[in-house]
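# Descriptive analysis of the structure
Chain by chain, the residues:
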Amino acid sequence: MKKLFLILTTLAIVGSTVADIQATPSAKYRRVGKMRRGLANLVYGWTEIPSEWERAVTTDGSSYGMYGLLWGVHKTAIRIGWGLYEVVTAPFPTYKGGFKAPYLVKQDRNPQNGYADMPPEIGFNGGYDYNRFERY
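The following refers to the structure shown. Computed from a prediction, not measured in an experiment: that's the story for all the values here.

Time to look at the packing of aromatic side chains. Within a pair of aromatic rings, the relevant descriptors are the distance that separates the centres and the angle that separates the planes. Under the counting rule described, the total for this entry stands at one aromatic pair. Look at Trp82 and Tyr85: their rings are 5.5 Å apart centre to centre, the planes differ by 80 degrees, and that puts the pair in the edge-to-face class. Taken together, the residues span about one helical turn, with Trp82 and Tyr85 both in helix 4 (residues 65–88) at a distance of three residues. Exposure remark for Trp82: the relative accessible area of 29% places this residue in the partly exposed category. Owing to a relative accessible area of 34%, Tyr85 belongs among the partly exposed residues under this scheme.

Turning to helix 4, a few remarks are in order. The end-to-end C-alpha separation of helix 4 is 35 Å, in line with the 34 Å expected for 24 residues at 1.5 Å each. Those residues of helix 4 that sit buried are Gly65, Gly68, Trp71, Gly72, Lys75, Thr76, Arg79, Gly83 and Glu86.

It is worth spelling out the environment of Trp71 at this point. Tracing the chain through its elements places Trp71 in helix 4. We classify Trp71 as buried; its relative accessible area is 19%. Linking Trp71 and Glu48, residues 23 residues apart in sequence, is a C-alpha distance of 8.5 Å.

As a further point, take the environment of Leu70. Mapping Leu70 onto the fold places it in helix 4. Counting along the chain gives 17 residues from Leu70 to Trp53, while the straight-line C-alpha distance between them is 8.3 Å.

Structurally, the position occupied by Thr76 is in helix 4. A polar atom in the side chain of Thr76 sits 2.7 Å from the backbone oxygen of Gly72. Non-local contacts of Thr76, meaning those with residues more than four positions away in its chain, are made with Gly45, Trp46, Glu48 and Ile49.

Cut-offs applied
- Residues numbered from 1 in each chain as written.
- Predicted model: local features only at pLDDT ≥ 70, side-chain atom pairs only at ≥ 80, totals over all residues.
- Heavy atoms only, no water.
- Phe/Tyr/Trp six-rings, centres within 6.5 Å; stacked < 30°, edge-to-face > 60°.
- Helix = DSSP H or I, 4+ residues; strand = E, 2+ residues; numbered from the N terminus.
- Buried < 20%, exposed > 50% of the residue type's maximum accessible area, 1.4 Å probe, protein only.
- Expected span 1.5 Å × (residues − 1).
- Polar contact = N/O pair within 3.5 Å; in protein donor to acceptor, adjacent residues only side chain to side chain.
- Contact = heavy atoms within 4.5 Å.

Shown next as structure tokens:
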């Protein structure tokens, strides 16, 4: 019984030390994540149009609605282009030898003109805040 207890304790200690390093910092950016981003940009990229229109009307007034609409069309075209690029190159590491999105750095510096990891949500908000800073 003492041997069994000693073996189980040793396995528990070894298991807890190994479990700490299982997910590396770049675990979020893998082939599947790149494919997910690409498909989301292709399918839901059009949500930039109503999102940018709403942001322009809310912050600048109704006279800027057309500007928001045009800016939304511009961001939609860019999202569709990046989506197509990421779906085609999903199996291969491209950006700095990895699978990270090449447009994330811009989001941190300029939330209005940058691009989040996923397209914005419209209508009912799911509670995820991965793209909340892009809209306001």
